[in-house]
Amino acid sequence: MSIDTRARYAAAGFVALLLLSVFWPAPVVSVNHLWLHRDLGIDDLSFLGREAPSWDAVFWCIAGLFAIGMVQSGEWTREDVRMTLRDLRISMPRRFIVALIGAVAIVTATWLAADRSIVAFAERVQSDTVEDWIRILNRLGGGMNPVMIVLFFFVAGVVYRRRRWIGYGVAMALAGLGAGVIAHALKFAVGRTRPELWLGPFHYGRATGYSFPSGHTVAAFALGGVLLFGSRSMPLRIIALILACAVAAARVLAFRHWPSDVVASALIALLAAWIAHASVSGERASRPQ
């Protein structure tokens, strides 16, 4: 089996692992419901990284076995790793100030013209089906899933000698860290109230933290933005953009963020991804991808 074929199998396996992480611990709950009928302390509302650390350990064992199998199937040496890392060049993108001013204008327009009307619309479309989709998309954009995506691109790139994959992983890490630091600084500096309280005290859930900006949206667009700017695959770029937008929409539908929050978060993350991709690849940020 060629190394290209093994890389494709590894990518397919990772997609399956990512889907498992989104729905975890649903397989455990289903098996218990059908055959064992034990008190596990978890249910369909539990999710990875929060309520059930003992059961989360089972998932990370599965992920560890996947990583071991991927490493064992590769053909690489320390010299391959050294040469690949040496080829990652640093350069700063141009036109950053213009992009920043444009981003501020877009966020301001959303804040003034769309915040209240879109949140009111979100209240009208609430249903059990919408809540189910919100729960799934919130899991995709939070917890350890963004970290797992970054690690996959980096490790798989080393194992299968895919320098672009390594570049994606490095750029995603840089974009995520940079955008995350900015988002957290703005969150405490602005201190904006979540829309939950605008609808009424704890109308949909106990409000915690601040609304502006959205950490889930920052993570989704930081990772998706790197693929959007760097990937040669149009389907992959489209999928990355759709998933990032879906995570942002879910945060509004869950009444955790105003539309201007997620727009600002997306633009912060895209700017960070733009700079990170250009820096790691050595390409000009203004060059068509």
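Let me sum up the structure you'll find in this document. (Residues numbered from 1 in each chain as written. Predicted model: local features only at pLDDT ≥ 70, side-chain atom pairs only at ≥ 80, totals over all residues. Heavy atoms only, no water.)

Counting residues in hydrophobic clusters, the biggest one holds 51 residues, and the most contacted among them are Phe153, Tyr160 and Met172. Elements represented by at least two residues in this core include exactly α1 (3–23), α2 (26–36), α3 (53–73), α8 (145–159), α9 (163–190), α11 (215–230), α12 (234–253) and α13 (259–281). Setting aside residues no more than four positions away along its own chain, Met172 makes contact with Ile149, Val150, Phe153, Leu223, Val226 and Leu227. Of all hydrophobic cores here, the second largest spans 7 residues; its members include Val107, Phe212, Leu267 and Trp274. (Core = buried A, V, L, I, M, F, W, Y, C linked by side-chain atoms within 4.5 Å. Buried < 20%, exposed > 50% of the residue type's maximum accessible area, 1.4 Å probe, protein only. Helix = DSSP H or I, 4+ residues; strand = E, 2+ residues; numbered from the N terminus. Contact = heavy atoms within 4.5 Å.)

Scanning all chains against the criterion turns up 1 salt bridge. Here Arg135 makes a salt bridge to Asp132, at a shortest N to O gap of 3.1 Å. Of this pair, Arg135 and Asp132 both sit in helix α7 (residues 128–141), 3 residues apart, roughly one helical turn. Overall, Asp132 belongs to the partly exposed group, its relative accessible area being 38%. (Salt bridge = Lys/Arg side-chain N within 4 Å of Asp/Glu carboxyl O.)

Below, the discussion takes up helix α6 (residues 115–124). Residues of α6 that are buried: Asp115, Val119 and Ala122. Viewed along the axis of α6, the buried residues span an arc of 55 degrees, placing them on a single side of the element. Facing away from the buried side of α6, by more than 90 degrees, are the exposed residues Arg116 and Arg124. (Arc of directions from axis to C-beta.)

Before going further, it helps to examine unusual backbone geometry. Residue Pro25 follows Trp24 across a cis peptide bond; omega there is 5 degrees. As for its position among the elements, Pro25 is in the loop between α1 and α2. The phi dihedral of Arg161 falls on the positive side, at around 55 degrees, and the residue is not glycine. Residue Arg161 is classed as partly exposed on the basis of its relative accessible area of 47%.

In the structure shown here, the tally under the stated rule is 7 aromatic pairs. Between the aromatic rings of Phe59 and Trp60, the centroid separation amounts to 5.1 Å while the plane-to-plane angle is 75 degrees, which identifies the pairing as edge-to-face. Residue classification places Phe59 among the buried residues on the basis of a relative accessible area of 0%. Residue classification places Trp60 among the partly exposed positions, given a relative accessible area of 34%. Ring centres of Phe153 and Trp165 lie 6.4 Å apart, and the angle between their planes is 90 degrees; this geometry places the pair in the edge-to-face category. Of this pair, Phe153 sits in helix α8 while Trp165 sits in helix α9, and the two are 12 residues apart along the sequence. A relative accessible area of 11% places Phe153 in the buried class. The rings of Phe14, Phe152, Phe153, Trp165 and Tyr168 are connected pair by pair, giving a single aromatic cluster. Positioned above the aromatic ring of Trp165, the side-chain terminus of Arg162 is 6.0 Å from the ring centre. (Phe/Tyr/Trp six-rings, centres within 6.5 Å; stacked < 30°, edge-to-face > 60°. Lys NZ or Arg CZ within 6 Å of the ring centre and 35° of its normal.)

With that settled, the discussion passes to the environment of Tyr160. Looking at where Tyr160 falls in the secondary structure, it is placed in the loop between α8 and α9. In this structure the C-alpha to C-alpha distance between Tyr160 and Arg6, which are 154 residues apart in sequence, comes to 8.0 Å. Separated by 3.4 Å, the side chain of Tyr160 and the backbone oxygen of Met70 make a polar contact. (Polar contact = N/O pair within 3.5 Å; in protein donor to acceptor, adjacent residues only side chain to side chain.)

This part is about the side chain of Asp261. Checked against the element boundaries, Asp261 lands in helix α13. At 2.8 Å, the side chain of Asp261 forms a polar contact with the backbone nitrogen of Trp258. Excluding anything up to four places from it in sequence, Asp261 contacts Arg192, Ser211, Phe212, Pro213 and Ser214.

Distances and angles like these do not, on their own, reveal function.
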